[in-house]
Amino acid sequence: MKDNIVLIGFMGVGKGRTARALAARTGMYAVDCDDLIESMANMKIKAIFETFGEGHFRKLEQSTAKWLEDSVKSTVISSGGGFYKVRNLKKLGKIVYLHADFEEILETIRTDARAEKKIRKRPLLQDLDKAKKLFAERLSYYRQAADIEIAVTGLTAEQVAKEICTALDRKKKKK
Ligand code: S3P
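On a predicted model such as this, the values are computed, not experimentally measured, just so you know.

Criteria and cut-off values
- Residues numbered from 1 in each chain as written.
- Predicted model: local features only at pLDDT ≥ 70, side-chain atom pairs only at ≥ 80, totals over all residues.
- Heavy atoms only, no water.
- Pairing = 2+ DSSP bridges.
- Helix = DSSP H or I, 4+ residues; strand = E, 2+ residues; numbered from the N terminus.
- Axes fitted to C-alpha atoms, helices over the stretch in contact; angles between N-to-C directions.
- Contact = heavy atoms within 4.5 Å.
- Near = heavy atom within 4 Å.
- Polar contact = N/O pair within 3.5 Å; in protein donor to acceptor, adjacent residues only side chain to side chain.
- Areas by Shrake-Rupley, 256 points an atom, 1.4 Å probe, with all protein chains shown as cover.
- 1 Å grid on protein atoms, 1.4 Å probe; cavity = no way out; pocket = protein on both sides within 12 Å on 5 of 7 lines; lining within 4 Å.
- Sits in = over half its atoms within 2 Å of the grid points.
- Nonpolar A, V, L, I, M, F, W, Y, C, P; charged D, E, K, R; others polar.
- Phe/Tyr/Trp six-rings, centres within 6.5 Å; stacked < 30°, edge-to-face > 60°.
- Buried < 20%, exposed > 50% of the residue type's maximum accessible area, 1.4 Å probe, protein only.

## What to know about the sheet that holds strand β3 (residues 75–78)
In spatial order, the strands read β2-β3-β1-β4-β5; together these five strands make up an open sheet with parallel pairing. A strand with exactly one partner marks an edge of an open sheet, and here the two such strands are β2 (29–32) and β5 (148–151). Going from strand to strand, the sheet's axes swing by 25 degrees on average, the running direction of each strand aside. Where β2 meets β3, four bridges bridge the pair, whose relative direction is parallel. Bridge pairing links D32 to S78 in β3. In the packing of helix α2 (residues 33–41) onto the sheet, contacts are made with β2 and β3, and the angle to β2 comes to roughly 60 degrees.

## Considerations on the site of the ligand
Close to the ligand lie 13 residues, the nearest being K15, D34, R58, R122 and R138. Between an oxygen atom of the ligand and a side-chain N or O atom of K15, the distance comes to 2.7 Å. Here the ligand has 390 Å² of accessible area as a free molecule, and 94% of this is covered by the chains. Given that more than half its atoms are within 2 Å of the pocket grid, the ligand belongs to the largest pocket. Here the residues of the shell around the ligand are counted per class, giving five nonpolar, three polar and five charged.

## A few points about the packing of aromatic side chains
If you walk through the whole model with that rule in mind, you get seven aromatic pairs. Here Y84 and Y142 contribute two aromatic rings whose centre-to-centre distance is 4.9 Å and whose plane-to-plane angle is 65 degrees, an arrangement assigned as edge-to-face. Taken together, the residues Y84 in the loop between β3 and α5 (89–92) and Y142 in helix α8 (residues 128–145) connect sequence positions 58 residues apart. Accessibility classification places Y84 together with Y142 in one group, the buried group. An angle of 15 degrees between the planes, with centres 5.1 Å apart, marks the rings of Y97 and Y142 as stacked. Here Y97, found in strand β4 (residues 94–99), pairs with Y142, found in helix α8; they are 45 residues apart in sequence, far enough to count as distant. The class for Y97 is buried, based on a relative accessible area of 0%. Here the aromatic cluster, defined as three or more aromatic residues joined through ring pairs, consists of Y84, Y97, Y141 and Y142.

As structure tokens, this is what we get:
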């Protein structure tokens, strides 16, 4: 087993900041799938969508998942909101779904000091009605893919990281 922890969940739920808090707490390193894709393609996610389309981005996500499977262990992996669909997800490590309701996620983004930038860089957050539908479509898939689910509303990234550690420990002891 690779001992990775993979964070999945909808855009803006806090996968990146939680991954960093979890890394600081455990001494593991953290990597972010979208950052890996951006550096490998030498393009921003937004530009990849605009230039090559979403299908191409999904292929890059899949090849990143393969690279992670072959190359990474004992690492916290934060992923993009659609990464749960990669074929080898379960092979990457323990899957942790971070949950908040759609309206709560929007509220968190809107009240962030960098709200405008956070929305601008996410192609699938441009039309909020479509984003809401996407959230509803994905919810059960996130839950099916996950080993554990953490409700993040009202918690800091550090508190979420602590809950993840507790839940994973509990799961280990049950085995
Ligand atoms: C996407 C989420 C984004 C990014 C891309 C597509 C999605 O990542 O991977 O824009 O399909 O939900 P975040 O979840 O970090 O915003």
